[in-house]
Amino acid sequence: MRNEIVVDISRGDTRVAVLEEGELVELYIQHEHDIAMIGNIYRGRVMRVLPGMQAAFVDIGYDKNAFLYIKPKKGEKKDITKHVQVGSTITVQILKEPIGTKGPRVTTEITLPGRFMVLLPDANHVSVSKKIEDEEERQRLISIGSEIKPENMGLIMRTQATGQSKEQLSNEVYVLMKMWRVFMQENISVEAPMLIHDDADLLYRSVRDLFAYQTDTFVINALEEYGKVITWLDMIAPSLKQRVVYFGEQHSIFEEYHIESKISKLLHKKVWLKCGGYIVIDPTEALTVIDVNTGKYVGNTDLEKTVLDTNLQAAKEVSRQLRLRDIGGIIVIDFIDMHRKDHKRQVIDTLKHYLKRDRTKTTVEGTTRLGLVEMTRKKIRERLSVFLKNDCSHCNGSGKVVSPETVVRLVEKEIHQIFSSSLTKTIHVYLHPDTAAVFEGEDKNHLHRLQQMFERNISVLRDTALKPHQYRIQGEE
């Protein structure tokens, strides 16, 4: 499988696309003025303590206070006031970015991620990523980790630690400890609220977390940032430098790799499958619902085979869309009904198989009595659509606007209020032509009846600058 990372830096924005066999599977966007926060460490001030929730709100210098939940250790009595008090300063790290009206989620358990491992200053154990399934490799990494970990600290061996030598891993521990000492010095000297460690630069995270030995090329179109990538790799993975390619700034890098056209499809709710079926992705406030349909696919043999083929393709596509659109939280998938248990199991197994490629934690909970597949995907930032779309100023994000008939009723109500409370003799109503036709009625009968009822004059003026759901009323003495 050919894997590529394509980085477009233009107009102050950074966009990172991950391609597998030419297929777009992950997309990250950081606008020039965006505040990316995950992994950042702050010195904050406790503003409010909620003993009933074992939580506190912390001022970290952001416009919304961060939410801190204190989980008591095993055997420890729940009492957050032993850990934090109003007005005290505290060091926290961002776990989840602000989403909607909620502020960022933070923790006091600080971690420092490297390329191959994560340093845990507040722990004293070694663990291995669950994505490393080979038991012999897991034991090897645990053994090395136990030897090289700093005293009274812990390590998590990341997926990219697979196959790395003890010397390479030991070198990274040295770098992480150097970072930790600098961090500790800053932690003592700064006043809250203050950012003391910035881990959120998208380009740096792409090199550290995405650029693996399985990646064939890392292509970037900005010369200065190309130099930064080479410098970082000199320190963390020199052997990967030869895979970095400078594309140049004369042509659109995303057009060259056919990424722009793929991004435009992310704006659509409907996603077509190769077989002719399709899925519909419908996000709501609480969860995301995905519906599977056979569409134009009629199959070649029988109905059961047609349904199975569609569901299998849908399972693969759903796993890709979750990664690509960065959909988190509760997800409900309505596959096409299947009667055979082995077919149902095959579809679930296919879904789980492709979800293994996802860097974000996913859990398939199972099938409900109604035949719906329930799953969760860890929600750590806004879904990708937030960066690609704004709410419509006309429908306020609902996807619907009021009908002309509804507008007419609103206009009539307002006319009645004006005539009832003033000496206005004439009212000029400005409407979109389609709404004006409904307001006047056939042969202007409705307009005549209104004028007779109020015994005043009503003039209707067509204004093409107005939308069908908009109107303007002007009175004349």
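Residues numbered from 1 in each chain as written. Predicted model: local features only at pLDDT ≥ 70, side-chain atom pairs only at ≥ 80, totals over all residues. Heavy atoms only, no water.

### Points about the overall build of the chain
Next, step 1: Looking only at helices and strands, one finds twelve helices and 24 strands in the chain.
Next, step 2: On C-alpha atoms alone, the chain measures out to a radius of gyration of 29 Å, which is more than a quarter above the 23 Å that the 2.2 N^0.38 rule sets for 477 residues.
Next, step 3: In the form shown here, the chain has an accessible surface area of approximately 26700 Å², with 50% of it arising from carbon and sulfur atoms.
Next, step 4: Placing the 68 positive and 67 negative side-chain charges of the chain at their respective mean positions leaves the two points 5 Å apart. (Helix = DSSP H or I, 4+ residues; strand = E, 2+ residues; numbered from the N terminus. Rg over C-alpha atoms; globule rule 2.2 N^0.38 Å. Areas by Shrake-Rupley, 256 points an atom, 1.4 Å probe, with all protein chains shown as cover. Lys, Arg positive; Asp, Glu negative; His and termini not counted. Charge placed at Lys NZ, Arg CZ, Asp CG, Glu CD.)

### Some points on the sheet that holds strand β2 (residues 13–20)
The strands that make up a sheet are held in pairs by hydrogen bonds between backbone atoms, and each pair lies either parallel or antiparallel.
Next, step 1: The five strands are arranged β3-β2-β1-β14-β15 in an open sheet whose pairing can be described as mixed. Single-partner strands in this sheet number two, and they are β3 (23–30) and β15 (244–246). Recorded for the sheet is a direction-independent mean angle of 20 degrees between the axes of neighbouring strands.
Next, step 2: Pairing of β2 with β3, which is carried by seven bridges, proceeds in the antiparallel orientation. From the neighbouring strand, A17 faces β3, where its bridge partner is L27.
Next, step 3: With respect to the sheet, helix α3 (residues 202–210) is in contact with β1 (3–10), β2, β3 and β14 (217–220), its orientation differing from that of β3 by roughly 145 degrees. (Pairing = 2+ DSSP bridges. Axes fitted to C-alpha atoms, helices over the stretch in contact; angles between N-to-C directions. Contact = heavy atoms within 4.5 Å.)

### Description of the sheet that holds strand β12 (residues 154–157)
Next, step 1: In space, the four strands of this open sheet follow the order β9-β10-β12-β11, with mixed pairing throughout. Of all the strands in the sheet, the pair left with one neighbour each is β9 (112–113) and β11 (126–128).
Next, step 2: Here three bridges tie β11 to β12, and the two strands are oriented parallel to one another. By the bridge assignment, S127 is partnered in β12 with I156.

### So, the packing of aromatic side chains
By convention here, two paired aromatic rings are described through the distance between centres and the angle between planes.
Next, step 1: With the rule as written, the count across this model stands at seven aromatic pairs.
Next, step 2: Judged by centre distance (5.1 Å) and plane angle (80 degrees), the rings of Y204 and W232 are edge-to-face. Placement of the pair is Y204 in helix α3 and W232 in helix α4 (residues 223–236), with a sequence separation of 28 residues.
Next, step 3: Of the residues examined, Y204 reaches a relative accessible area of 26% and is grouped as partly exposed.
Next, step 4: Overall, the relative accessible area of 18% leaves W232 in the buried class.
Next, step 5: Each ring, one from Y226 and one from Y246, has its centre 5.8 Å from the other, and the planes form 50 degrees; the classification is tilted. Pair noted here: Y226 is in helix α4 and Y246 is in strand β15, with a separation of 20 residues, a long-range link.
Next, step 6: By relative accessible area, which is 24% here, Y226 ends up partly exposed.
Next, step 7: You can call Y246 partly exposed: its relative accessible area is 33%.
Next, step 8: Geometry around Y278 places K270 over its ring, the cationic atom sitting 4.4 Å from the centre. (Phe/Tyr/Trp six-rings, centres within 6.5 Å; stacked < 30°, edge-to-face > 60°. Buried < 20%, exposed > 50% of the residue type's maximum accessible area, 1.4 Å probe, protein only. Lys NZ or Arg CZ within 6 Å of the ring centre and 35° of its normal.)

### Examining the packing of α3 against α4
Next, step 1: Two numbers describe how α3 lies on α4: the axes approach to 11 Å, and their chain directions differ by 40 degrees. Here α3 is positioned oblique relative to α4, judged by the angle of their axes. As α3 packs across α4, the resulting crossing turns out to be right-handed. Together, L203, Y204 and V207 of α3 and E225, V229, W232, L233 and I236 of α4 make up the contact between the two elements.
Next, step 2: Across the contact of α3 with α4, the residue classes tally to seven nonpolar, no polar and one charged. (Parallel < 35°, antiparallel > 145°, perpendicular 65-115°, else oblique. Left-handed = near helix turned anticlockwise from the far one by under 90°. Nonpolar A, V, L, I, M, F, W, Y, C, P; charged D, E, K, R; others polar.)

### Observations regarding the pattern of salt bridges
Next, step 1: All told, the structure shown has 25 salt bridges when counted by the stated rule.
Next, step 2: Salt bridges here are not isolated pairs; linked through shared partners, they connect E20, E26, R323, R357 and R359. (Salt bridge = Lys/Arg side-chain N within 4 Å of Asp/Glu carboxyl O.)

### Focus on empty space enclosed by the protein
Next, step 1: This structure, assessed with the given rule, holds two cavities of 30 Å³ or more.
Next, step 2: Of the volumes computed, that of the largest cavity is approximately 40 Å³.
Next, step 3: Lining of the largest cavity is provided by Q54, I70, P72, E76, K77, K78, D79, K82 and H83.
Next, step 4: Taken together, the residues that form the lining of the largest cavity break down as two nonpolar, two polar and five charged.
Next, step 5: In this structure, the second largest cavity occupies an estimated 30 Å³ of space.
Next, step 6: Every residue along the wall of the second largest cavity is listed here: T284, E285, A286, L287, G328, G329, K379 and R383. (1 Å grid on protein atoms, 1.4 Å probe; cavity = no way out; pocket = protein on both sides within 12 Å on 5 of 7 lines; lining within 4 Å. Points joined across faces, edges and corners; volume = space filled by probe spheres on them.)

### Quick look at the layout of surface pockets
Next, step 1: Approximately 1300 Å³ is the volume attributed to the second largest pocket.
Next, step 2: Around the second largest pocket, the lining comprises 42 residues; the ones closest to its centre are T284, E285, E382, R383 and V386.
Next, step 3: The greatest single-element share of the lining of the second largest pocket, amounting to three residues, is contributed by helix α9 (residues 385–388).
Next, step 4: For the lining of the second largest pocket, the per-class residue count stands at 15 nonpolar, 13 polar and 14 charged.

### Considerations on helix α2 (residues 166–189)
Next, step 1: For α2, built from 24 residues, the straight-helix expectation of 34 Å at 1.5 Å per residue is met to within 8% by its first-to-last C-alpha distance of 35 Å.
Next, step 2: Turning to α2, its buried residues are L169, E172, V173, L176, M177, W180, F183 and N187. (Expected span 1.5 Å × (residues − 1).)

### Considering the side chain of K149
Next, step 1: Its place among the elements puts K149 in the loop between α1 (135–148) and β12.
Next, step 2: Summary of buried charges: K149 has no salt-bridge partner, and the nearest side chain of opposite charge, E151, is 8.3 Å away.
Next, step 3: For K149, the side chain forms a polar contact with the main-chain oxygen of M153, separated by 2.9 Å.
Next, step 4: Those residues within four positions of K149 in sequence are excluded, and the remaining contacts are N124, V126 and L155. (Polar contact = N/O pair within 3.5 Å; in protein donor to acceptor, adjacent residues only side chain to side chain.)

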